[in-house]
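Letter by letter, the chains look like this.
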Amino acid sequence: AFIWSGNTEILLALIKSVEDRLNVEADTQAAGIRVILMVEDSPFYLSSILPILYHEMVDQTQALIEEGLTEEHRLLTMRARPKILIADSYESAIALYEKFEPYILGVISDVRYPRAGRLDGAAGIALLQQIHADRWDIPLLLMSSESRNAAKAAAIPATFIDKNAPTLHAEVRQFFIQRLGFGDFVFRTPAGEELNRVANLRALEKILPAVPDASFVYHWSRNDFSRWLFARTEIVLASK
C-alpha cells in the first residue's frame, strides 16, 4: 500500500517496485543482478522514501548510459540496475535475505515492525544484527523516529537516520550514494582521510597506479571495489 502526497515520483516507484518483484528471481539467477532490501511497514514512510531510492537509481543509470560505448552496452546497463525489494515484517525480510543473500547490495530497515505476529520495537535491530553477523560487508541503514536508537545502530554497526529529522531525504540519498556505491569512488587512508575520488571506470583505471598500497588494501579488504562496480552494473568484473 502506498499513499499519494502530491509527489509524482511515487508513480514511477509504484511501477518499478512491481517490476522488480516480478523480475528479481530470473534476473539474479541469469545475470547476478544486485538487490537492495528495504524493510518498512508504514505506507507513509514507504511512499516517502522509495521514490528517493528509485530517483537516485535512475539518475545513476542515466549517467552510465551516457558513458556507454555502444547501443547494446547502454541497453544492458539500463536492464542491469539493482532491484529494490520491500518487506513489511521480520519474517518476510529474513525470507528475502536468505533467498537473495549472494546478491544483496544493501539493507535499509525500520526499527519497529511485526515479528512473530506482534509489533516488535526491536525487530529491525535484530534483523540487522543477524545480517551483519552473516555478511559483515553489506552496508546497513537503520531508520527510526526515536533518536535513542542511534546508539543501538552504532553497536551493530549500521548507519542511523532519524525519521523526524528535516534532512531525512538528504540523509537517505547520502547513504544511497556513499555507502551503496552510487556516487564517486572515494579513496581514503585506513584512518578515513580522503585522498582522491573518481567518477567512472576510466578515471579509476588511470588513478590506480598512483593509489598508496595502504589505501588500496583498505578498500580491497572491505569489498568497496566490487560494491562500486556492482552499482555501475559491471556485474562480471565486480564478481571477479
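For the structure itself, consult the block above.
Just so you know, these numbers come straight off a predicted model, no measurement behind them.

Draft legend 1. Broad picture of the overall build of the chain. Of the regular secondary structure elements, the chain holds eleven helices and nine strands. Over its C-alpha trace the chain gives a radius of gyration of 18 Å, about what one expects of a compact globule, namely 18 Å for 240 residues. Taken over the C-alpha atoms alone, the chain extends approximately 55 × 40 × 35 Å along its principal axes. In the chain, of all internal contacts separated by at least 6 residues, the share reaching a separation of at least 24 is 65%.

Draft legend 2. Summary view of the sheet that holds strand β7 (residues 159-162). Strand order in this open sheet of five strands is β2-β1-β3-β6-β7, and the pairing throughout is parallel. Looking at strand neighbours, the two that pair on one side only are β2 (83-87) and β7, the edges of this open sheet. Strand-to-strand, the axes of this sheet are offset by a mean angle of 20°, without reference to chain direction. By the bridge criterion, five bridges tie strand β1 (residues 35-39) to β2 in an arrangement that is parallel. Bridging from a neighbouring strand, leucine 37 pairs with leucine 85 of β2. Against the sheet, helix α1 (residues 9-31) makes contact with β1 and β2, and its axis sits at roughly 110° relative to β2, the strand it touches most.

Draft legend 3. Main features of unusual backbone geometry. In this model, isoleucine 156 is joined to proline 157 through a cis peptide bond whose omega is 0°. One can find proline 157 in the loop between α6 (149-155) and β7. The phi dihedral of alanine 116 falls on the positive side, at around 55°, and the residue is not glycine.

Draft legend 4. Local environment of the packing of aromatic side chains. Tallying each qualifying case throughout the model produces seven aromatic pairs. Pairing phenylalanine 176 with phenylalanine 182 gives two aromatic rings, centres 4.6 Å apart and planes at 15°, and the pair type is stacked. Residue classification places phenylalanine 176 among the buried residues on the basis of a relative accessible area of 0%. On the basis of relative accessibility, which here comes to 5%, the residue phenylalanine 182 falls in the buried class. The interplanar angle of 5° and the centroid separation of 4.9 Å between the aromatic rings of phenylalanine 185 and phenylalanine 225 together place this pair among those described as stacked.

Draft legend 5. Region of the structure containing the environment of asparagine 164. Among the secondary structure elements, asparagine 164 is positioned in the loop between β7 and α7 (168-178). The spatial distance from the C-alpha of asparagine 164 to the C-alpha of phenylalanine 225 is 33 Å, given a sequence separation of 61 residues. Sequence-distant contacts of asparagine 164, defined by excluding residues within four places in its chain, comprise Tyr45 and Ser145. Looking at asparagine 164, its side chain comes within polar contact range of the main-chain oxygen of serine 145, at 2.9 Å.

Draft legend 6. Seen up close, helix α10 (residues 224-231). When you tally the buried positions in α10, you get eight out of eight residues, the bulk of the element. Every buried residue of α10 is accounted for by Asp224, Phe225, Ser226, Arg227, Trp228, Leu229, Phe230 and Ala231. Positioned one or two residues after α10, threonine 233 has a phi angle of 65°, which is positive.

Draft legend 7. Spatial organisation of the packing of helix α4 (residues 90-100) against helix α5 (residues 123-134). Between α4 and α5, whose axes approach to 10 Å, the crossing angle comes to 20°. Viewed along their axes, α4 and α5 adopt a mutual orientation that is roughly parallel. Here α4 runs over α5; the crossing is right-handed. In this structure, α4 contributes Tyr90, Ala93, Ile94 and Tyr97 to the contact, and α5 contributes Ala123, Ala126, Leu127, Gln130, Ile131 and Asp134. Partitioning the contact of α4 with α5 into residue classes produces eight nonpolar, one polar and one charged.

Draft legend 8. Fine view of the pattern of salt bridges. In the structure shown here, the tally under the stated rule is 14 salt bridges. A salt bridge links glutamate 25 to lysine 99; the shortest N-O distance between them is 3.2 Å. Residue glutamate 25 is located in helix α1, and its partner lysine 99 is located in helix α4; the two are separated by 74 residues in the primary sequence. Note that arginine 148 and glutamate 146 form a salt bridge whose closest N and O atoms lie 2.6 Å from each other. By relative accessible area, which is 24% here, glutamate 146 ends up partly exposed. One connected set of salt bridges, linked through shared partners, spans Glu40, Asp110 and Lys163.

Draft legend 9. Fine view of the nonpolar core. Judged by nonpolar contacts, the single largest core of 37 residues is most densely connected at Ile36, Leu50, Leu53, Val172, Phe182 and Phe187. Tallying contributions element by element places helix α2 (residues 43-67) first for this core, with eight residues. By size, the runner-up hydrophobic cluster in this structure holds 29 residues, among which are Leu37, Tyr97, Ile125 and Leu142.

Procedures and definitions
- Residue numbers run consecutively from 1 along every chain, following the written order of its sequence.
- The model is predicted, so local features are restricted to residues of pLDDT at least 70 and side-chain atom pairs to those at 80 or more, both for listing and for counting; the totals for chains, interfaces and linings are taken over all residues.
- The side-chain figures draw on all heavy atoms in the structure; neither hydrogens nor water molecules are used.
- Note on conventions: DSSP H or I runs of at least 4 residues are helices, E runs of at least 2 residues are strands, and numbering of each starts at the N terminus.
- Radius of gyration means the value over C-alpha atoms here, while the globule rule gives 2.2 Å times the residue count to the 0.38 power.
- Only heavy atoms enter the contact rule, under which two residues are in contact if any of them lie within 4.5 Å.
- At least two DSSP bridges between two strands are required for those strands to pair.
- Axes, fitted as lines to C-alpha atoms, cover a helix only where it is in contact. Angles between the N-to-C directions of the axes lie from 0 to 180 degrees.
- Between the rings of Phe, Tyr and Trp (Trp by its six-membered ring), a pair exists once the centres lie within 6.5 Å; its type follows the angle of the planes, with under 30 degrees stacked, over 60 edge-to-face, and the other angles tilted.
- In this scheme, a residue with accessible area under 20% of its type's maximum is buried, one over 50% is exposed, and one in between is partly exposed, where area comes from a 1.4 Å probe on protein chains only.
- Within 3.5 Å is the distance limit for a polar contact, defined as a pair of N or O atoms, with the added protein rule that one can donate a hydrogen and the other accept it, and that residues adjacent in sequence qualify only through two side-chain atoms.
- Comment on the angle field: the value is read as roughly parallel under 35 degrees, roughly antiparallel over 145, roughly perpendicular from 65 to 115, and oblique elsewhere.
- In a left-handed crossing the near helix is turned counterclockwise from the far helix by less than a right angle, and in a right-handed crossing that turn is clockwise.
- For this classification, the nonpolar set comprises Ala, Val, Leu, Ile, Met, Phe, Trp, Tyr, Cys and Pro, the charged set comprises Asp, Glu, Lys and Arg, and every other residue, Gly included, is treated as polar.
- Think of a salt bridge as a Lys or Arg side-chain nitrogen and an Asp or Glu carboxyl oxygen that are within 4 Å of each other.
- Residues belong to one nonpolar core when they are buried, are Ala, Val, Leu, Ile, Met, Phe, Trp, Tyr or Cys, and are joined through side-chain atoms within 4.5 Å.

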